[in-house]
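# Commentary on secondary and tertiary structure
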Amino acid sequence: MNQPLHPNHHSPEPGFALRQTLYKGWAALAKPVYRVLPIASPDVISGNQALAEGIAELSKQGIRRPVVITDTAFVDLPVFQRLLDTMNEAKLNYSVFSDIVPDPDFSIIERGIEHCRNHDFDGVIAIGGGSSIDATKVINPCARHNIDPRRVPGMLKLRKRGHYFMAIPTTAGTGSEATAAAVITDEQTHQKKVVISLTVVPELAVLDPSLMMGLPPGITAATGMDALTHAMESYLSRYATPKTDALNLESMARIFDHLPRAFHDGANDEEARRQMAIASHNAGVAFTRTSVGWVHAIAHQLGALYGVPHGLANAMVLPHVLGFYLPFAQPRMAQMARHIGLPGASDADLALALVDAVHNLCNQLQIQPLLSMVKEEDIGRITRNVIDEVYRSPYPVPGYFRSYGELEAFIRGMMVAR
Ligand SMILES: [Fe+2]
């Protein structure tokens, strides 16, 4: 192999073309599999009494010794005390594992497994953001069946079911309570490992907007943009189905209508919080079947290298990737624009209006879609990792970069204001 390690866009990249061909074949082969995969959706309890109703359901299921899994900051919030009070009233012999941090790594997962086993648990309650729910997806079956969590990343490698799993998202964004995937960080390589398993979807999702009222505007914005990214990448996926289309279009409309409201007046506007929780959940149901795309692949690198929170990273990348998709996905983008009520005389106008609308939404949410944190010397590595993630997963994206160099140039383009 005489190929340079970091080819620029002036050099031919025969290896790249071959990889792309192999990826397209793999994505085409996987398509019918994804369409029929028996991915369960959780039962949903929603509304401002959902927390109490969820605990009642847990008791009805015969769970007596649940472990509550949450993050370090969450235990100090009043809503956490509400959960404990409700469990005390239900006379549950619970234990709390509160060591989860954003982007949890395997050492935390191992501690959680030990905690569950020591408590002789018979159920799990994940409460918090996506990290707590993702961690619980791995902790639960690994603790129940004594599985090494470092061996479960990958496609369908984790096949054993944990105990009854109730997920209570307190942000509206990740949709993790609806998905068959969990992201765990490898503390040695700093790369994110994705666990995809049909058995990790929670049995019950509790969507209680009253738990989300105290979420600060910045987190509301970032997590809400994660939900929008799920809906849009899922809608543009080559694996989209009529059912996922319906869920995604409806999610996008809810988000454009209610995310600015939740951002500006989230402490009072319970309806906006409720709509965002449903939008996020439905986008989760959809993207777990269709997968995501370039936005997530690039955002994961911003998280891994520079610690940019997931939702914020997606928000910064989304409008740029939509711009890149214009020549590939114009009719679908126009359909999204129509559904959220944007004006435009032609598909071309509507698709452009969609890109502008996402830029404007970022402005309203005080998010700058500017990747100023990226270091020039990292771009080669980022490019390779992004291609690896998209091609290996596979993410069935609607449009492709023709070379590493083209993707490098695209990333550089996101580093300067438009
Ligand atoms: Fe996401």
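Higher on the page you've got the structure.
Along each chain, numbering runs from 1 in the same order as the chain's sequence is written. Local features in a predicted model are, by the rule used here, given only for residues with pLDDT of at least 70; side-chain atom pairs are given and counted only at 80 or more, and totals for whole chains, interfaces and linings are based on all residues. The side-chain values count all of the structure's non-hydrogen atoms but skip hydrogen atoms and water molecules.

## Observations regarding the packing of aromatic side chains
The aromatic pairing rule takes the rings of Phe, Tyr and Trp, using the six-membered ring of Trp, and pairs them if the centres are within 6.5 Å, calling planes under 30 degrees apart stacked, those over 60 edge-to-face and the rest tilted. By the definition in use, this model includes twelve aromatic pairs. Summarising the aromatic geometry, the rings of Tyr23 and Tyr400 are spaced 5.8 Å apart at their centres and angled 75 degrees between planes, so their arrangement reads as edge-to-face. Taken together, the residues span a long stretch of sequence, with Tyr23 in helix H1 (residues 14-36) and Tyr400 in the loop between helix H13 (379-392) and helix H14 (404-413) at a distance of 377 residues. An identical accessibility class is assigned to Tyr23 and Tyr400; each is buried. The ring of Tyr235 carries Arg332 above its face, with NZ or CZ at 3.9 Å from the centroid. The ring of Tyr404 is capped by Arg384, whose NZ or CZ atom sits 4.2 Å from the centre of that ring. Numbering of helices and strands starts at the N terminus; helices are DSSP runs of H or I of at least 4 residues and strands are runs of E of at least 2. Buried residues are those whose accessible area, probed at 1.4 Å on protein chains only, stays under 20% of the maximum for their type, while exposed residues exceed 50% and partly exposed ones sit between those limits. Lysine NZ or arginine CZ positioned within 6 Å of the ring centre and within 35 degrees of the ring normal marks a charge as sitting over the ring.

## Quick word on the packing of helix H7 (residues 242-265) against helix H8 (residues 270-290)
At a minimum axis separation of 8 Å, H7 and H8 run at an interaxial angle of 150 degrees. For the crossing formed where H7 meets H8, the hand is left-handed. Classification used: nonpolar for Ala, Val, Leu, Ile, Met, Phe, Trp, Tyr, Cys and Pro, charged for Asp, Glu, Lys and Arg, polar for all others including Gly. Residues that form the contact of H7 with H8 fall into these classes: eleven nonpolar, seven polar and six charged. Interaxial angles span 0 to 180 degrees and are taken between N-to-C directions of axes, which are lines fitted to C-alpha atoms, for helices over the stretch in contact. Take the far helix as your reference; a near helix turned counterclockwise from it by less than a right angle gives a left-handed crossing, and one turned clockwise gives a right-handed crossing.

## So, the coordination of the iron ion
A 2.8 Å cut-off from the metal defines N, O and S donors, relaxed to 3.2 Å for Na, K and Ca; water is not in the atom list, so some sites may appear incomplete. With distances of 2.1 to 2.2 Å, the protein atoms coordinating the iron ion are Asp226 (OD), His230 (NE2), His296 (NE2) and His310 (NE2). Here the metal geometry follows the donor angles, with tetrahedral for four donors whose angles all fall between 85 and 135 degrees, square planar for four and octahedral for six when opposite donors are more than 155 degrees apart and every other angle is between 65 and 115, and irregular for all the rest. The coordination sphere of the iron ion comprises four donor atoms, whose angles at the metal cover 84 to 169 degrees; the geometry is irregular. When the donor residues of the iron ion are listed from N- to C-terminus, their spacing reads D-x3-H-x65-H-x13-H. On the criterion of sequence distance, the pair formed by His296 in helix H9 (residues 294-306) and His310 in helix H10 (residues 310-325) is long-range, its members being 14 residues apart. Its relative accessible area of 26% is what places His310 among the partly exposed residues.

## Observations regarding the pairing of strand E6 (residues 164-169)
Within E6, six of the six residues are buried, leaving the element largely enclosed by the surrounding structure. Burial of E6 is two-sided: the residues Tyr164, Met166 and Ile168 facing one way and the residues Phe165, Ala167 and Pro169 facing the other way are all buried. At least two DSSP bridges between two strands are needed for those strands to be called paired. By the bridge criterion, six bridges tie strand E4 (residues 123-128) to E6 in an arrangement that is parallel. In the sheet register, Ala126 faces E6, and the bridge partner there is Ala167.

## Some details on empty space enclosed by the protein
Here a cavity is any set of points on a 1 Å grid over the protein atoms alone where a 1.4 Å probe fits but cannot get out, and a pocket is any open set with protein on both sides within 12 Å along at least 5 of 7 lines; a residue lines the site when it has an atom within 4 Å of a point. Grid points are joined across faces, edges and corners, and a volume is the space filled by probe spheres set on the points. Counted by the stated rule, this structure contains two cavities of 30 Å³ or more. Taken together, Ala172, Met212, Leu215, Thr220, Thr223, Gly224, Leu259, Ala262, Arg273 and Met276 make up the full set of residues lining the largest cavity. No other element matches helix H6 (residues 217-236), which puts three residues into the lining of the largest cavity. Looking at the lining of the largest cavity residue by residue, the class counts come to six nonpolar, three polar and one charged. As a volume, the second largest cavity reaches approximately 40 Å³. Taken together, Lys137, Asn140, Pro141, Arg161, Gly162, His163, Phe165, Thr199, Val200 and Glu203 make up the full set of residues lining the second largest cavity. Looking at side-chain class alone, the lining of the second largest cavity contains three nonpolar, four polar and three charged residues.

## Observations concerning helix H2 (residues 50-60)
Listed in full, the buried residues belonging to H2 are Ala50, Leu51, Gly54, Ile55, Glu57, Leu58 and Ser59. Only heavy atoms matter for contacts: two residues are in contact if any of them lie within 4.5 Å across the pair. The inward-facing, buried residues of H2 contact strand E1 (43-46), strand E2 (66-71), helix H3 (78-89), E4, E6 and strand E9 (204-207). Once H2 finishes, Gly62 follows within two positions and takes phi at roughly 85 degrees, a positive value.

## Thoughts on the environment of Ile219
Structurally, the position occupied by Ile219 is in helix H6. For Ile219, a relative accessible area of 40% gives the class partly exposed. Distance in space between the C-alpha atoms of Ile219 and Val183 is 19 Å, their sequence separation being 36 residues. Excluding residues that lie within four positions of it along the chain, Ile219 makes contacts with Thr171 and Gly224.

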